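Read off the chains here:
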Amino acid sequence: MTARALLADLPAYTALKEHAAKLQFASMEGLFNADSNRASTFSASAAGLRLDYSKHLLSASALSSLFELADQAGIRESIEALFSGAHVNTTEDRPALHTLLRASSGDGQESRFQEVLSARNRMQVMAQTLYRGEHNGYSGKPVTDVVNIGIGGSDLGPRLVTQALKPYHGDVRCHYVSNVDPADLLDTLSTLDAASTVFIICSKSFRTEETLANGLAARDWMLNAGATVAQLEQHFLAVTTNLQAAKDFGIPQENCLPMWDWVGGRYSVWSAVGLSCAVAVGWENFSEFLAGAEAMDQHFRTSEAHNNLPLLMSLLEIWYCHFFHASNHVVLPYDHSLQRFPDFLQQLTMESNGKRVSAEGQPLDYGTAPVLWGSAGTMGQHSFHQLLHQGTLLCPVDFVLPLNSHTGADQQHRILVANCLAQSRTLMVGRSLEDARKALLERGLAEDKAAALAPHLAMPGNRPSSVITMDSLNPRTLGALLALYEHRTFCSGQIWRINSFDQWGVELGKEISTEILGQLTDARDDSAMDAATDRLISLWKEAQR
Ligand code: F6P
């Protein structure tokens, strides 16, 4: 691969610096006053989602410079490379074809697509059998509970989707265990009957320590409950690229669904990694989820920049990170069933784009992925929104708001919506010192007290936020939402010139943990790591005596 210009070398970068220098003193409300169409001009929609990005420190000319930047970074070519199966994961020399997992045709990837279809068909049969309660456990009782054991991408995606689609659940309950802390598995098992429980060991590599330890503990639990070794196959399924390791674990091949090395763990919920979701919501709904993502893929691949949701959201990320020194990004779903969305996005964005060298290995002299965090509204309002409104950090926010609720509790939903819109507006308008002072006088405070208190009530405003709406959260819009953020992440990675599809930074910690585990298991006190680690190892050993 030839070295491409880094972000700061692109011609549009200088123009953008100038736009930012002007816009940092602009008032968002002033921008609205100057353009009565701003709310509709700075909005776009696709695949059942609408993006309102009007409340940003952004002018039409800054936006066109951002489009030029994307052009100069070769974003069009990058998008084609992604979809056509080029080896965009350069360090591992393979494609990143998660889009093929939700595609309805092979589009140049015929042989891979046939493998996807055959896995999808097998997955459908397994999912429907479980969903309909037609699978019996060792005692002949039908299975009522499925436990997905996995971590990272083998947990966060399926866990989010299952929770988000709660109104679509059938009778079988799905649970998720990921932490190697035994409390996670024990808490889950304490509510279950082994005879009617199935485990899905979900691990792309089938080498992940936490997942294997939990899998073995689940196996022991099943045996202790009375299942024979031969009957375990009625209770264990696997999703993996490593069929041999699954077989060694004791899961027969017919109970294993495949994955492929050309799908990253954090992009894998569309594969058999989503089996637990399909069990929870049934195959028809799972297919709708794939269809929503495919609609977003088509939009992303074919839409012009000014209407391209993932690209627009990525350019906003680049804009604030590079020209306004934002190092945080906040995502606030105003829908309780999306409370896991920030967790999912943390892996997606920070494992993908938390990189410090270019795809060609050159150290970067600019920042890459911001820290992403958030929680479901309105809880955050009573916790960290104080910092969003009056803190010293600039934290651009994405509000995610389904316009209709499945609950039928109209008044509560109205309150939820009012709060979401109020937060976005408050971030923009803030409150001037003078308005704060007047409000205090109206409350009956004396002049001197009002003047003293006013600085604490004043809010700078002008803080950026986007609002993503959908008519309702359903399998289709959920699929589109996840694919939107996947492609946003991809665009930013391409503009930053990094490889968004590897994660070498997690390896060293695993190696050191194996070394330390050896020390913890060894009765002798001869650890020779750094003094601090040695001391902590001794403390732990002492506590065991
Ligand atoms: O350690 C990080 C990671 O490799 C993630 O990228 C991945 O999603 C997770 O671990 C789980 O990996 P696996 O599915 O192979 O168990």
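A brief report on the enclosed structure follows. (Residues numbered from 1 in each chain as written. Predicted model: local features only at pLDDT ≥ 70, side-chain atom pairs only at ≥ 80, totals over all residues. Heavy atoms only, no water.)

Another aspect to go through is the site of the ligand. Taken together, 14 residues are adjacent to the ligand, and Ser154, Ser203, Ser205, Thr208 and Glu351 come closest. Here an oxygen atom of the ligand and a backbone polar atom of Gly153 are 2.8 Å apart. Between the ligand and Ser203, the relevant distance is 2.6 Å, taken from an oxygen atom to a side-chain nitrogen or oxygen of the residue. For the ligand, whose free accessible area comes to 390 Å², the fraction covered by protein is 87%. Most atoms of the ligand, that is more than half of them, are within 2 Å of grid points of the largest pocket. Its residues assigned to classes, the shell around the ligand comprises two nonpolar, nine polar and three charged. (Near = heavy atom within 4 Å. Polar contact = N/O pair within 3.5 Å; in protein donor to acceptor, adjacent residues only side chain to side chain. Areas by Shrake-Rupley, 256 points an atom, 1.4 Å probe, with all protein chains shown as cover. 1 Å grid on protein atoms, 1.4 Å probe; cavity = no way out; pocket = protein on both sides within 12 Å on 5 of 7 lines; lining within 4 Å. Sits in = over half its atoms within 2 Å of the grid points. Nonpolar A, V, L, I, M, F, W, Y, C, P; charged D, E, K, R; others polar.)

Attention now moves to empty space enclosed by the protein. Applying the stated criterion across every chain, the model contains five cavities of 30 Å³ or more. Its volume calculated, the largest cavity comes out at about 100 Å³. Around the largest cavity, the lining comprises 14 residues; the ones closest to its centre are Leu316, Glu317, His329, Pro396 and Arg488. Those elements that place two or more of their residues in the lining of the largest cavity are α13 (309-323), β8 (328-333) and β10 (397-404). Per-element accounting of the lining of the largest cavity gives the leading share, five residues, to α13. (Points joined across faces, edges and corners; volume = space filled by probe spheres on them. Helix = DSSP H or I, 4+ residues; strand = E, 2+ residues; numbered from the N terminus.)

On the basis of which strands lie adjacent, the open sheet formed by six strands has the order β1-β2-β11-β10-β8-β9 and mixed pairing. This sheet does not close on itself; its edge strands, each paired only once, are β1 (43-46) and β9 (371-373). Between one strand and the next, the sheet's axes are offset by a mean angle of 15°, whatever the strand orientation. Summarising the sheet, β8 and β10 pair through four bridges and their orientation is parallel. Counted as the bridge partner of Val331 is Asp398 from β10. (Pairing = 2+ DSSP bridges. Axes fitted to C-alpha atoms, helices over the stretch in contact; angles between N-to-C directions.)

Taken in spatial order, the five strands of this open sheet run β4-β3-β5-β6-β7, and their pairing is parallel. Two strands in the sheet have a free side with no partner beyond their single neighbour: β4 (173-177) and β7 (256-258). Taken pair by pair, the neighbouring strands of this sheet meet at an average axis angle of 20°, ignoring direction. Bridging between strand β3 (residues 145-149) and β4 involves five bridges; their strand directions are parallel. By the bridge assignment for β4, Asn148 is matched with Tyr176. Across the sheet, helix α6 (residues 110-131) is in contact with β3, β5 (197-202), β6 (236-240) and β7; its angle to β7 comes to roughly 140°. (Contact = heavy atoms within 4.5 Å.)

Turning next to the side chain of Ser466. Structurally, Ser466 can be placed in strand β11 (residues 465-472). For Ser466, a relative accessible area of 3% puts it in the buried group. Within the structure, Ser466 has its side chain in polar contact with the side chain of His56 (distance 2.8 Å). Excluding its chain neighbours within four sequence positions, the residues that come into contact with Ser466 are Leu51, Asp52, Tyr53, His56, Leu316, Val397, Asp398 and Phe399. (Buried < 20%, exposed > 50% of the residue type's maximum accessible area, 1.4 Å probe, protein only.)

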